[in-house]
Amino acid sequence: GAVVSQHPSRVICKSGTSVKIECRSLDFQATTMFWYRQFPKKSLMLMATSNEGSKATYEQGVEKDKFLINHASLTLSTLTVTSAHPEDSSFYICSASLSVTGGYGYTFGSGTRLTVV
Amino acid sequence: GNSVTQMEGPVTLSEEAFLTINCTYTATGYPSLFWYVQYPGEGLQLLLKATKADDKGSNKGFEATYRKETTSFHLEKGSVQVSDSAVYFCALNQGGSEKLVFGKGTKLTVNP
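Residues numbered from 1 in each chain as written. Chains lettered and ligands numbered in written order. Predicted model: local features only at pLDDT ≥ 70, side-chain atom pairs only at ≥ 80, totals over all residues. Heavy atoms only, no water.

A. Seen up close, the environment of B:Ala53. Tracing the sequence through the fold places B:Ala53 in the loop between β6 (44-50) and β7 (56-59). For B:Ala53 and B:Ser72, which are 19 residues apart along the polypeptide, the C-alpha to C-alpha distance reads 10 Å. (Helix = DSSP H or I, 4+ residues; strand = E, 2+ residues; numbered from the N terminus.)

Below, the structure written as structure tokens:
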């Protein structure tokens, strides 16, 4: 089945540095990918929708200059957290959309635990 | 706008107990409905889905029926196992949009 590989699974970085998270579709082409942030004991918050070859669409309240999304190919989308601060510590999950008969399907990466110290 | 409301957790059950996690939704038209499961430290996995009214999604002993009249998609399992311990998310996708709208999640713990 469709697999999305996300890495790193865990990253610790110093405050002020940037961190890149990669999301790859391994056996299919993903024209659309989604980036979510999950706060402890809370649901997933959609941050942005990433379309191959075009600019990402950010949800209200998400800083596009802080969370840079690049979807340069049909199999790779990246999220870069720039000038990270402790409040950016969170669990980030990517998802790829699969258009299937009868409705959309989605497959998720395994997530990245970011800790900013 | 579209929204999903699911029962607050945490839910703690003994092995072989019956499980129900309630989920109701608000949407225009006929959304597709999903249940996702998240095991500790992992991403989300699709558990089951239903795309139209009266459809029943089922997988691994879990079931949920798309009830348009009550705008519900309750998750049930007749006999839970310790390995079912996870967080369960109800979600919907509105036709014409690829975005998923999630409920807040319900943490299930199953004790031996």
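B. A look at the state of the cysteines. Counted according to the given criterion, the structure contains 2 disulfides over all chains. Between the sulfur atoms of A:Cys23 and its disulfide partner A:Cys94 the distance amounts to 2.0 Å. Of note, the bridge from A:Cys23 to A:Cys94 carries an S-S torsion of about 80° and is right-handed in sense. Taken as a pair, A:Cys23 in strand β3 (residues 19-25) and A:Cys94 in strand β9 (residues 90-100) lie far apart in primary sequence, 71 residues in all. The residues A:Cys23 and A:Cys94 share a single accessibility class, namely buried. Here B:Cys23 connects covalently by a disulfide to B:Cys90, the sulfurs 1.9 Å from one another. Looking along the S-S bond of the B:Cys23-B:Cys90 disulfide, the torsion reads about -70°, which is the left-handed sense. (Disulfide = S-S within 2.5 Å. Buried < 20%, exposed > 50% of the residue type's maximum accessible area, 1.4 Å probe, protein only.)

C. Fine view of the interface of chain A and chain B. Taken together, the contacts link 23 residues of chain A with 19 residues of chain B. In this assembly, chain A packs against chain B so that about 1600 Å² is buried in total across both faces, 54% of it on carbon and sulfur atoms. Summed over the shared surface of chain A and chain B, the number is 1 salt bridge. Here B:Lys99 ties to A:Glu59 by a salt bridge, and the two come within 2.9 Å at their closest N and O atoms. Elements represented by at least two residues in the side of chain A that touches chain B include exactly β4 (32-38), β5 (44-51), β9 and β10 (103-108) of chain A. Taken together, the residues of the side of chain A that touches chain B sort by class into 10 nonpolar, 11 polar and 2 charged. (Contact = heavy atoms within 4.5 Å. Buried area = accessible area lost by both parts, 1.4 Å probe. Salt bridge = Lys/Arg side-chain N within 4 Å of Asp/Glu carboxyl O. Nonpolar A, V, L, I, M, F, W, Y, C, P; charged D, E, K, R; others polar.)

D. Up close: the environment of A:Glu22. Residues and elements named next belong to chain A. Within the element layout of this structure, Glu22 appears in strand β3. Relative accessible area serves as the criterion here: at 18%, Glu22 is assigned to the buried category. The sequence separation of Glu22 and Leu68 amounts to 46 residues, and the corresponding C-alpha distance is 12 Å. For Glu22, the residues in contact, after removing those within four places along its chain, are Ser5, Gln6, His7, Trp35, Leu76, Ser77 and Thr78. Polar side-chain contacts of Glu22 include one of 3.5 Å to the side chain of Arg24. (Polar contact = N/O pair within 3.5 Å; in protein donor to acceptor, adjacent residues only side chain to side chain.)

E. Fine view of the side chain of A:Ser90. Residues and elements named next belong to chain A. Position of Ser90 relative to the elements: it lies in strand β9. With a relative accessible area of 3%, Ser90 lands in the buried category. The residues contacting Ser90, other than those within four sequence positions of it, are Arg37, Gln38, Phe39, Thr112, Arg113 and Leu114.

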